[in-house]
Each structure stands twice: as structure tokens, then as C-alpha cells.
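# Chain and residue survey
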Amino acid sequence: APSCLRMKVLVLGCSSAMAMLFSLQLDPENTGFIGVETFASLVHSHELPLDPAKLDMLVALAQGNDEGQVCYQELVDLISSKRSSSFKRAIANGQRALPRDGLLDETGLGIYKRFVRYVAYEILPCEMDRRWYFYQHRTCPPPVFMAAVTLTQIIVFLCYGARLNKWVLQTYHPEYMKSPLVYHPGHRARAWRFLTYMFMHVGLEQLGFNALLQLMIGVPLEMVHGILRISFLYLAGVLAGSLTVSITDMRAPLVGGSGGVYALCSAHLANVVMNWAGMRCPYKLLRMVLALVC
């Protein structure tokens, strides 16, 4: 562990003398573990350029351990902004030493960072997780999936509206039902229709409702959980919709991305209910009732 730490410290841009200092002062007996108080005193005495937020996170990490210690790899992962599984467990189970309203006290933030803070309080139930997300959030990769799906739905709707000269109840137009995107149980052999029907909509009302929820709920979820998880969740909801129609009504055509929207709403609703005490999103009771009604 000490030799591994020395290599990591060198990678991080520290000198070989600093690597030796870490090895000798933090763990002179080569146990592979260090105490947070020892590390904090070393940081202050040698004026090491460590982000105070990371030091707070290190304290929270140690509080998840009965002996108040962390291993070298956890320390290296924290300094290099890699969130290890052990850190996640400590955040989930350990005590929080940070002030409850820490992020809300931040001043001088730009518009985007304020939005990131809003997303943190909207989605995450723990202050420690919110602070980690806020300080470690990167704009790359951006939340492109929900934006791309919504934009594609709008473009498809406008194309069919202009082609058919019909903007309300488009499904009543014979040419609309001939679209290769619409799902119908009679077309189950064309497997792509199980998903592509999400790009078609009945009219402006359905499109507007779905697009609004996709952007209001889907984008924050994608920013926190990533494109892979949210795209899988959304597409699973779309697929569940077409499969359900295949069972419940063999005569009904199906259009709209409502299946994916309901999957996003249900996931967010479940998160709010399961973490009710920790959620800081405003009007959460009213929002839960509205989500259930929808």
C-alpha cells in the first residue's frame, strides 16, 4: 500500500520527497491505514493544496469506519476525484459532519452552477451526496439523451403535421396510420415499432405534455445518474407500453412517448417516497400528489 501511494502521489504531480513524507508520517508502521486526524494535521502543517470540500468528504468517509480510519487507496481516489465503492458505502452509512445547508449558503454562483445545485437538491436525498455531486460535476458529457429524444419527437410531429395538414388527432388520418413508426399489435413482426412509436404523437397536447415532463424530470435525472441508466429506464418504459397494448387491446394503435415519461416520473416518485426525510425539493407533498394524479 505505501509503494502504491507513492506512485499515485507522483502521478498527481507531487514530488518524490512529498511521497516519502506521506509514507513516513501517515503510516510509519506500514499498516495500510491512516487516521483522518493525522492526515488533517499534516495538511494544515505543510499547507498542502487540498480542496476543503474533499477534506470534509474524507472526514465523512472515516466516520463510516469503526476506527475512524481510511486506507491508502481511498485517500488516493478522493484526491484524484475518483469515487470508490467504499466511499459510496461510507456516504450511505456513515455520519454526516457537514452543515445541513452548506450548498445553500454558496454565493456568487453562475446560472449553470445554480442549476446544478437545484438538480442536487431535486434528486439527491443526502447533503453529503449533494456536495459531492455539486463539486465534482462536469459539463462533459452533457445530458443529451432526453434533449435529443424530445427534439426528434418535435421534428417528427412537425413533419407529419405539415405533410398531412393536420395538427390535432393526427391518428384519424389514414396516411398517418401508414407510418412505419406507429405501433400496432398486428405489426409485431416489425420489431422496431415496439420502440419507434415514441416519436409519434396524437396532437399538440400530448406532445407538449410529454416534452415538458421529459425536460423537467428527465434532464435532472440524466445529469445525476448518467445517460446509460436514464436511457435504459426511458426505453424500458416505452417497451413496456407496447407490450402491454399487445396484451390488453389487440386492435389499438399506439403512439406517444408516455410510457417512457411514466417510467421517469415513477422512478423520481419512488426516490422521493423512499427518501422522504432527506429530500429537500420544494413542495414535495404537492408534487407527489400531482404525480400520482398524472
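Refer to the preceding data block for the structure.
Conventions adopted
Residues numbered from 1 in each chain as written. Predicted model: local features only at pLDDT ≥ 70, side-chain atom pairs only at ≥ 80, totals over all residues. Heavy atoms only, no water. Helix = DSSP H or I, 4+ residues; strand = E, 2+ residues; numbered from the N terminus. Buried < 20%, exposed > 50% of the residue type's maximum accessible area, 1.4 Å probe, protein only. Contact = heavy atoms within 4.5 Å. Areas by Shrake-Rupley, 256 points an atom, 1.4 Å probe, with all protein chains shown as cover. Axes fitted to C-alpha atoms, helices over the stretch in contact; angles between N-to-C directions. Parallel < 35°, antiparallel > 145°, perpendicular 65-115°, else oblique. Nonpolar A, V, L, I, M, F, W, Y, C, P; charged D, E, K, R; others polar. Core = buried A, V, L, I, M, F, W, Y, C linked by side-chain atoms within 4.5 Å. 1 Å grid on protein atoms, 1.4 Å probe; cavity = no way out; pocket = protein on both sides within 12 Å on 5 of 7 lines; lining within 4 Å. Points joined across faces, edges and corners; volume = space filled by probe spheres on them. Phe/Tyr/Trp six-rings, centres within 6.5 Å; stacked < 30°, edge-to-face > 60°.

### Structural notes on the overall build of the protein chain
- Within the protein chain, the regular secondary structure consists of 15 helices and 2 strands.
- Every one of the 294 residues in the protein chain was classed for burial, and the buried ones make up 44%.
- Sequence-distant contacts in the protein chain: of pairs separated by 6 or more residues, those separated by 24 or more amount to 67%.
- As displayed, the protein chain offers around 16,000 Å² of accessible surface, 64% of which is attributable to carbon and sulfur atoms.

### Comments concerning the packing of helix 12 (residues 204–225) against helix 13 (residues 227–248)
- Where helix 12 meets helix 13, the closest approach of the two axes is 7 Å, and the angle between their N-to-C directions is 140°. With respect to their mutual orientation, helix 12 and helix 13 come out oblique. Only Ile227, Arg229, Ile230 and Tyr234 of helix 13 make contact with helix 12, whose side of the interface consists of Gln214, Gly218, Leu221, Glu222 and His225.
- For the contact of helix 12 with helix 13, the residue count by class is 4 nonpolar, 3 polar and 2 charged.

### Looking at the nonpolar core
- Grouped together as the largest cluster of nonpolar side chains are 37 residues, with contacts concentrated most on Tyr133, Met146, Tyr176, Met200, Tyr234 and Leu264.
- Residue assignment for this core shows that the elements contributing at least two residues are helix 7 (111–123), helix 8 (127–136), helix 9 (144–164), helix 12, helix 13 and helix 14 (258–274).
- The dominant element in this core, judged by the number of residues it contributes, is helix 9, at 6 residues.
- Tyr133 has contacts with Val116, Val119, Ala120, Leu124, Met223 and Val224, leaving out every residue within four places of it along the chain.

### A few points about the layout of surface pockets
- In this structure, the largest pocket encloses a volume near 910 Å³.
- Lining the largest pocket are 32 residues; nearest its centre among them are Tyr133, Val224, His225, Gly226 and Arg229.
- Those elements that provide at least two residues to the lining of the largest pocket are helix 7, helix 8, helix 12, helix 13 and helix 14.
- Sort the elements by how many residues they give to the lining of the largest pocket and helix 12 lands first, with 5 residues.
- Of the residues that constitute the lining of the largest pocket, the class distribution is 18 nonpolar, 8 polar and 6 charged.
- Put simply, the second largest pocket is a space of about 420 Å³.
- Residue lining of the second largest pocket: 16 residues in total, with Leu213, Ile217, His268, Arg287 and Ala291 positioned closest to the centre.
- Elements supplying a minimum of two residues to the lining of the second largest pocket: helix 7, helix 12, helix 14 and helix 15 (284–293).

### Considerations on the packing of aromatic side chains
- Within this structure, the stated rule accounts for 5 aromatic pairs.
- Consider the rings of Phe145 and Tyr234, whose centres lie 6.0 Å apart with planes at 75°: the pair is edge-to-face. Taken together, the residues Phe145 in helix 9 and Tyr234 in helix 13 connect sequence positions 89 residues apart.
- On the basis of relative accessible area, Tyr234 is assigned to the buried category, the value being 0%.
- Geometrically, the ring pair formed by Tyr183 and Tyr197 is tilted, given 6.4 Å between the ring centres and 50° between the ring planes. Of the two residues, Tyr183 is situated in the loop between helix 10 (174–177) and helix 11 (193–196) and Tyr197 in the loop between helix 11 and helix 12; the sequence distance between them amounts to 14 residues.

The values reported here are purely geometric and, on their own, carry no functional implication.
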